[in-house]
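One letter stands for each residue in the lines below.
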Amino acid sequence: PFTEQTKTIWTTYISTPIEHVTKNILHGIATVTFALGQKTQDVSESVGFALVDIGYLFINEPTQIYNVKVITLSPTSVKISWDTNSPANSKVNYGLDESYPFDVQSEKRTTNHAFTLTKLQPNTEYSFEVMSHGKSYVYDANRKFRTPQK
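Note that this is a predicted model, so its numbers are computed, not measured.

Visitor: Residues and numbers for unusual backbone geometry, please.
Guide: Phi at Asn67 is positive, roughly 60 degrees, even though this residue is not glycine. Relative to the helices and strands, Asn67 is located in strand E1 (residues 65-74). Classification of Asn67 as partly exposed rests on a relative accessible area of 39%.

Put into structure tokens, the structure is as follows:
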């Protein structure tokens, strides 16, 4: 039978370091397959998607959105960008209210997402949400921007 001292030694010197190394190895495999999948999508979409899907097998984290930005390009256009922690597709829903009647989207899986919205009205407030689907489906909603006057 294990004594408390034996359990402490096992956890401190064997079990925890092995778990840490294993997690790092799996994360490394995921990173490599994600990178290959993203680059391959430009040549073969289906092969690229398959490689990214393989990468998802090696991570436990759900897809997360962060660093959402709106950059004003003109009174009638803005660039909306965001990042995800793993490759995912991209979609922006937008409109004059939160019913979001307009959208732009891409099935390409990437970690850096960006769309330019054009034909907007000057000096107008818009509502928008960004969405991505990678290992899991995630969105960041109820955001607003205002286009400048002409």
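Visitor: If you had to explain the pattern of salt bridges to someone new, which residues and values would you point to?
Guide: Counted by the stated rule, this structure contains two salt bridges. The salt bridge involving Lys144 is made with Glu98; its shortest N-O contact spans 3.8 Å. In this pair, Lys144 sits in strand E5 (residues 137-146) while Glu98 sits in the loop between strand E2 (77-95) and strand E3 (102-117), placing the two residues 46 residues apart along the sequence. Here Asp140 and Arg143 are joined by a salt bridge, their closest N and O atoms 3.0 Å apart.

Visitor: Can you explain the nonpolar core? Please cite residues and give values.
Guide: Ile80, Trp82, Val92, Phe128, Val130 and Phe145 are the most contacted members of the largest nonpolar core, which totals 15 residues. At the level of elements, E1, E2, E3, strand E4 (125-133) and E5 are the ones that each hand at least two residues to this core. Looking at this core, the element that brings in the most residues is E2, giving five residues. Non-local contacts of Phe145, meaning those with residues more than four positions away in its chain, are made with Val70, Val78, Ile80, Leu117, Leu120, Thr124, Glu125, Tyr126 and Phe128. If you look at the next biggest cluster of nonpolar residues, it comprises five residues, including Ala30, Phe34, Val52 and Ile59.

Visitor: Describe the side chain of Asp83, and please don't skip the residues or the numbers.
Guide: Residue placement: Asp83 occurs in strand E2. We note that Asp83 is buried and unpaired, the nearest opposite charge coming from Lys69 at a distance of 6.5 Å. Separated by 3.0 Å, the side chains of Asp83 and Asn67 make a polar contact. Residues in contact with Asp83, not counting those within four places in the same chain, are Gln64, Ile65, Tyr66, Asn67, Thr111, Asn112 and His113.

About the thresholds
- Residues numbered from 1 in each chain as written.
- Predicted model: local features only at pLDDT ≥ 70, side-chain atom pairs only at ≥ 80, totals over all residues.
- Heavy atoms only, no water.
- Helix = DSSP H or I, 4+ residues; strand = E, 2+ residues; numbered from the N terminus.
- Buried < 20%, exposed > 50% of the residue type's maximum accessible area, 1.4 Å probe, protein only.
- Salt bridge = Lys/Arg side-chain N within 4 Å of Asp/Glu carboxyl O.
- Core = buried A, V, L, I, M, F, W, Y, C linked by side-chain atoms within 4.5 Å.
- Contact = heavy atoms within 4.5 Å.
- Lys, Arg positive; Asp, Glu negative; His and termini not counted.
- Polar contact = N/O pair within 3.5 Å; in protein donor to acceptor, adjacent residues only side chain to side chain.

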